[in-house]
Amino acid sequence: MFETLSDRFESIFTRLRGRGRLTDADVDEALREIRLALLQADVNLLVVRDIVARLRAELVGSELSQSLTPGQQVVKAVHNELVRVLGGQALRVTYASRPPTVVLLAGLQGAGKTTAAAKVGRWFKQQGRNPLLVGADLQRPAAVEQLRVLGRQIGVPVFSEPADPVDVAKKGLAEAIRVGRDVLIVDTAGRLHIDAQMMQQVQQISATIEPHYTFLVIDAMTGQDAVATAEAFHKALSLDAVILTKVDGDARGGAALSVKEVVGRPIGFVSTGEKVEDFELFHPDRMAGRILGMGDVLTLIDRAEQAIQREEAEQAVTKLAEGRFTLDDFLGQLQAVKKMGPLSGLVGMLPMVPKEVRSAQIDDSMLKPVEAIINSMTPGERTEPAIINGSRRARIAAGSGTTVQQVNDLLDRFKQVQTYMRQMPALAGMARRAQKAGKRATAKRKKRH
Ligand SMILES: Nc1nc2c(ncn2[C@@H]2O[C@H](COP(=O)(O)OP(=O)(O)O)[C@@H](O)[C@H]2O)c(=O)[nH]1
Ligand SMILES: [Mg+2]
């Protein structure tokens, strides 16, 4: 997702990078290009206007910070704007004091509701909860069977019976209480288009089970239509968040960047593929970093935990946030990543991997030059890349069987990331929180053993 926008931003920022200072004309030109890039990504026109106006207010005529280059100043401003339009913070799910916490899913037919019901169920299960799925889509007989199959895959029971959907939802709630399941997830029927009968049915279900969370499932590939759908559903149901599906098939990201501003409700989760594990809580700051090609280190760390030691991962992210991340650490991460299996998807999250590699079909062999380059450096060079002058570069290239250009690219990227990380106090805060949460989890794990 967001490949279109990432590419455009990358070329805009590359042009700014060399400048010593930014004139108002430079800013104007960059803003014009940013505007075009956003429009090309199918972002809502009003949202584009708002983003550009805010960037202009921040960048034109302002005293630029001494510590940032003009290019970095623009990247930082754009990053902040993206985080804002993507919703600011990740959804924080709180649980009902009297279980079950009731979650209602709504959306058009084919948006991915039934799949999302199972994915949400799996997510709650990973949070240590015991969900119950309810199949209240009784329009097609196959819908309940689809949910049952998914339920078996994720090890979550499914309740349904051939009756009126409102009754099924109500009985599902009673069943959850009876058997002590603490999260209830209700899948409902959708139509191809908004229609009064469908809305009425889902409103009745909502009035009957009084959900704590109402999530609308929308298909990212339908762009601004998805946003219009969300507006209509929000009027009828009062949504809490959106689940954006099929982002794997959406290169533009227009719906993602518009929905919060237009509808006033954030994206809670994104679905990134057909498999039940292709699903994650949506983190605006991480996504903004990904769009800007800065990588998504925190998501990577989240996933890496499963493959490498938690402590190791935490140390890396803390060092990264504090600007103490060295090429040695990077090499360690790279080797850990290789242990994690299929690389595509993961590699896009690594800040230092060149764009050509990120967008291509990935296999291990593509990371080899990077690994070889770092391996050919002395320990001193790895901790203090600034000492790597021309002759050292030539030696490293020869030693690793790469070109000086490849060595330069890697060092440039590394430097950019380090600078960027130092300028992101929010990231440092996140890293500290991640570390604290990790310590708690580790302590808990130790207690269990
Ligand atoms: N590629 C991709 N396919 C998805 C995703 N989510 C759902 N699908 C597919 O979209 C189709 C419709 O999904 P379904 O859950 O039945 O939609 P519903 O009608 O809203 O319940 C199915 O073929 C799913 O496998 C996703 O994130 N990525
Ligand atoms: Mg369905």
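Throughout, a residue's number is its position along its own chain's written sequence, starting from 1. Think of it this way: whatever chain is written first is A, whatever ligand is written first is 1, and the rest follow in order. Selection of residues for local features in this predicted model requires a pLDDT of at least 70, selection of side-chain atom pairs for listing and counting requires 80 or more, and totals for whole chains, interfaces and linings are taken over all residues.

Turning our attention to the overall build of the chain. Starting at the N terminus, helices and strands are each numbered in turn, a helix being any DSSP run of H or I of at least four residues and a strand any DSSP run of E of at least two. Along its length, the chain carries 20 helices and eight strands. Neighbour counting defines burial: a residue surrounded by 20 or more other C-beta atoms within 10 Å of its own C-beta is buried, one with 12 or fewer is exposed, and intermediate counts give partly exposed, using backbone-placed C-beta atoms. The buried share of the chain, taken over its 449 residues, is 42%.

Right, let's get into the packing of helix H4 (residues 70-85) against helix H11 (residues 284-291). Interaxial angles span 0 to 180 degrees and are taken between N-to-C directions of axes, which are lines fitted to C-alpha atoms, for helices over the stretch in contact. Viewed as axis vectors pointing N to C, H4 and H11 meet at an angle of 135°, and their least axial separation amounts to 8 Å. Put simply, H4 runs oblique to H11. In terms of crossing hand, the pair formed by H4 and H11 is right-handed. The residues of H11 that touch H4, namely those facing His79, Leu82 and Val83, are Pro284, Asp285, Ala288 and Ile291. Three classes are used: nonpolar for Ala, Val, Leu, Ile, Met, Phe, Trp, Tyr, Cys and Pro, charged for Asp, Glu, Lys and Arg, and polar for all others, with Gly counted as polar. The residue makeup of the contact of H4 with H11, split by class, is five nonpolar, one polar and one charged. Roughly parallel means an angle under 35 degrees; roughly antiparallel means over 145; roughly perpendicular covers 65 to 115; every other angle is labelled oblique. Note: crossing handedness is left-handed where the near helix turns anticlockwise from the far helix by less than a right angle, and right-handed where it turns clockwise. By the convention adopted here, residues make contact when the C-beta atoms placed from their backbones lie within 7 Å.

For the rest of this paragraph, the subject is the environment of Ile154. Here Ile154 is to be found in helix H6 (residues 141-154). Residue class for Ile154 comes out partly exposed when judged on the 17 C-beta atoms lying within 10 Å of it. A C-alpha to C-alpha distance of 7.9 Å links Ile154 and Gly121, two positions 33 residues apart in sequence. Other than its neighbours up to four places away in sequence, Ile154 contacts Ala118, Gly121, Arg122, Lys125 and Val276.

The next point concerns unusual backbone geometry. Looking along the chain, the bond that leaves Pro99 and enters Pro100 is cis, with omega of 5°. Locating Pro100 in the fold gives a position in the loop between H4 and strand E1 (101-106). In this model, Asp42 sits at a positive phi of 70°, which is unusual for a non-glycine residue. By C-beta crowding, Asp42 is classed as buried, having 20 other C-beta atoms within 10 Å. Unlike most non-glycine residues, Lys246 shows phi in positive territory, near 60°. Among the structural elements, Lys246 can be located in the loop between strand E6 (241-245) and helix H10 (254-263). Exposure remark for Lys246: the 23 C-beta atoms within 10 Å place this residue in the buried category.

Let us look at the sheet that holds strand E2 (residues 131-136). Should DSSP find at least two bridges between two strands, the strands are taken to pair. Taken in spatial order, the eight strands line up as E3-E2-E4-E1-E5-E6-E7-E8 in an open sheet, and their pairing is mixed. Each having just a single partner strand, strand E3 (158-159) and strand E8 (279-281) make up the two edges of the open sheet. Where E6 meets strand E7 (residues 267-271), three bridges bridge the pair, whose relative direction is parallel. Looking across to E7, one finds that Leu244 is bridged to Val270. Contacts from helix H9 (residues 224-237) reach E1, strand E5 (213-219) and E6, with the element oriented near 160° to E5.

Let us now look at the nonpolar core. Judged by nonpolar contacts, the single largest core of 93 residues is most densely connected at Val103, Val186 and Val242. What fixes the domain bounds is an automatic or database domain assignment. For this core, the domains that each give at least three residues are domain 1 (3-85) and domain 2 (101-289). Those residues within four positions of Val242 in sequence are excluded, and the remaining contacts are Phe215, Leu216, Ile218, Ala230, Val259, Arg265, Ile267 and Gly268. By definition, a nonpolar core groups buried Ala, Val, Leu, Ile, Met, Phe, Trp, Tyr and Cys residues that connect through C-beta atoms lying within 7 Å of each other.

Moving on to the confidence of the model for the chain. Mean pLDDT over the chain stands at 83; residues scoring 70 or higher make up 75%. Within the model, the stretch residues 424-428 combines pLDDT values under 50 with five contacts to residues more than four positions away or in other chains. Per residue, pLDDT measures the predictor's confidence, with a range of 0 to 100.

Looking now at the site of ligand 1. Here, nearness is defined through the C-beta atom: a residue counts as near a molecule or strand if that backbone-placed atom lies within 6 Å of it. Taken together, 19 residues lie around ligand 1, and Gly112, Lys113, Thr114, Thr115 and Ser271 are the ones closest in. Across the shell around ligand 1, the residue classes break down as two nonpolar, twelve polar and five charged.

Here we take up the pairing of E5. In terms of residue burial, E5 counts as a mostly covered element, since seven of its seven residues are buried. Burial of E5 is two-sided: the residues Tyr213, Phe215, Val217 and Asp219 facing one way and the residues Thr214, Leu216 and Ile218 facing the other way are all buried. The pairing of E1 with E5 spans four bridges and is parallel. Note that in E5 the partner of Leu104 across the bridge is Thr214. Here E5 runs beside E6; their pairing, made up of five bridges, is parallel.

What follows deals with the environment of Ala25. As for its placement among the helices and strands, Ala25 is situated in helix H2 (residues 24-40). Of the residues examined, Ala25 has 8 C-beta atoms within 10 Å and is grouped as exposed. For the pair formed by Ala25 and Val60, sequence separation is 35 residues and the distance between their alpha carbons is 9.1 Å.

With that settled, consider the pairing of E2. Among the six residues that make up E2, six are buried, leaving the element largely enclosed by the rest of the structure. Side chains of E2 alternate between two faces, with Pro131, Leu133 and Gly135 and Leu132, Val134 and Ala136 buried alike. Both E2 and strand E4 (residues 183-188) contribute to a ladder of six bridges, which runs parallel. Each bridged residue has a counterpart across the sheet, and for Ala136 the counterpart in E4 is Thr188. Across two bridges, E2 lies against E3 in parallel orientation. Bridging from a neighbouring strand, Leu133 pairs with Val158 of E3. A crossover gets the label right-handed when its path from the first strand over the helix to the second runs clockwise, viewed with the strands pointing away from the viewer. Between E2 and its parallel partner E3, the chain crosses via H6, and the hand of that crossover is right-handed.

Time to look at the packing of helix H1 (residues 3-17) against H2. Packing of H1 against H2 brings their axes to within 9 Å, and their N-to-C directions diverge by 170°. It follows from the interaxial angle that H1 and H2 lie roughly antiparallel. Taking contact as the criterion, the partners of Thr4, Leu5, Arg8, Phe9, Ile12 and Leu16 in H1 are, on H2, Ala30, Glu33, Ile34, Ala37 and Gln40.

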